[in-house]
Amino acid sequence: MAINVNSRFGFRFLGDLKSKIYHDLYNEKHDCKVNQIIISGNGVRFEPDNEEQAEKEGFSKCSNCMN
Ligand SMILES: [Zn+2]
């Protein structure tokens, strides 16, 4: 399940509904533009909060923070 978020706290993996890319907030890079994703309203977290769930929901790894 993907749940809309309005902050970056309390979870690890952030999905961008617009790009269908997900980010690891524990390894966030400037180019991830995490704040913009959240402010734009396109940010989601995953339940459960792991890579497998993000992939299952059709999101792809971010090349900046998930190498
Ligand atoms: Zn990223």
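The preceding data block contains the structure.
What you see is a predicted model, and the numbers here were worked out from it, not measured in a lab.

Engineer: So what exactly am I meant to see when it comes to the sheet that holds strand 4 (residues 43–46) here?
Structural biologist: Paired through their backbone hydrogen bonds, the strands of a sheet run either parallel or antiparallel. Pairing within the open sheet is mixed, and its five strands lie in the order 1-4-2-3-5. Every interior strand has two partners, whereas the edge strands, strand 1 (2–4) and strand 5 (60–61), have only one. Of the strand pairs in this sheet, strand 2 (residues 13–16) and strand 3 (residues 21–24) are connected by four bridges, and their pairing is antiparallel. Bridging from a neighbouring strand, leucine 14 pairs with histidine 23 of strand 3.

Engineer: Is there a simple way to think about unusual backbone geometry in this case?
Structural biologist: Of the consecutive residues glutamate 47 and proline 48, the connecting peptide bond is found in the cis state with omega at 0 degrees. Its identity is not glycine, yet lysine 20 carries a phi of approximately 60 degrees, on the positive side. Here lysine 20 is to be found in the loop between strand 2 and strand 3. Of note in the backbone geometry, lysine 33 takes a positive phi value of approximately 50 degrees without being a glycine. Relative to the helices and strands, lysine 33 is located in the loop between strand 3 and helix 1 (34–40).

Engineer: Would you mind showing me how to read the environment of lysine 56 here?
Structural biologist: Counting through the fold element by element, lysine 56 comes out in helix 2 (residues 51–56). Lysine 56 sits in the exposed class, given 10 other C-beta atoms within 10 Å. Separated by 44 residues in the primary sequence, lysine 56 and arginine 12 place their C-alpha atoms 16 Å from one another.

Engineer: Is there a simple way to think about the environment of phenylalanine 11 in this case?
Structural biologist: Secondary-structure assignment places phenylalanine 11 in the loop between strand 1 and strand 2. The spacing of phenylalanine 11 and asparagine 35 is 24 residues in sequence and 14 Å in space, taken between C-alpha atoms. Residues contacting phenylalanine 11, with those up to four places away along its chain left out, are Arg45 and Asp49.

Engineer: Just checking my understanding: could you explain the nonpolar core for this structure?
Structural biologist: Nonpolar side chains in soluble globular proteins tend to be buried together. In terms of nonpolar packing, the biggest core is built from eleven residues, these being Phe13, Leu14, Ile21, Tyr22, Cys32, Ile37, Phe46, Ala54, Phe59, Cys62 and Cys65. Looking at this core, the elements with two or more residues in it are strand 2 and strand 3. Leave out the neighbours within four places in its chain, and phenylalanine 46 touches Ala2, Phe13, Gly15, Gln53, Ala54 and Glu57.

Engineer: Can you walk me through the environment of tyrosine 22 in this structure?
Structural biologist: Within the secondary structure layout, tyrosine 22 lies in strand 3. With 22 residues separating them along the chain, tyrosine 22 and valine 44 place their C-alpha atoms 8.9 Å apart. With sequence-adjacent residues up to four places away left out, tyrosine 22 is seen in contact with Phe13, Leu14, Gly15, Ala54, Phe59, Lys61 and Cys62.

Reading the values: the criteria
Residues numbered from 1 in each chain as written. Predicted model: local features only at pLDDT ≥ 70, side-chain atom pairs only at ≥ 80, totals over all residues. Pairing = 2+ DSSP bridges. Helix = DSSP H or I, 4+ residues; strand = E, 2+ residues; numbered from the N terminus. Buried ≥ 20, exposed ≤ 12 C-beta atoms within 10 Å, placed from the backbone. Contact = placed C-beta atoms within 7 Å. Core = buried A, V, L, I, M, F, W, Y, C linked by C-beta atoms within 7 Å.

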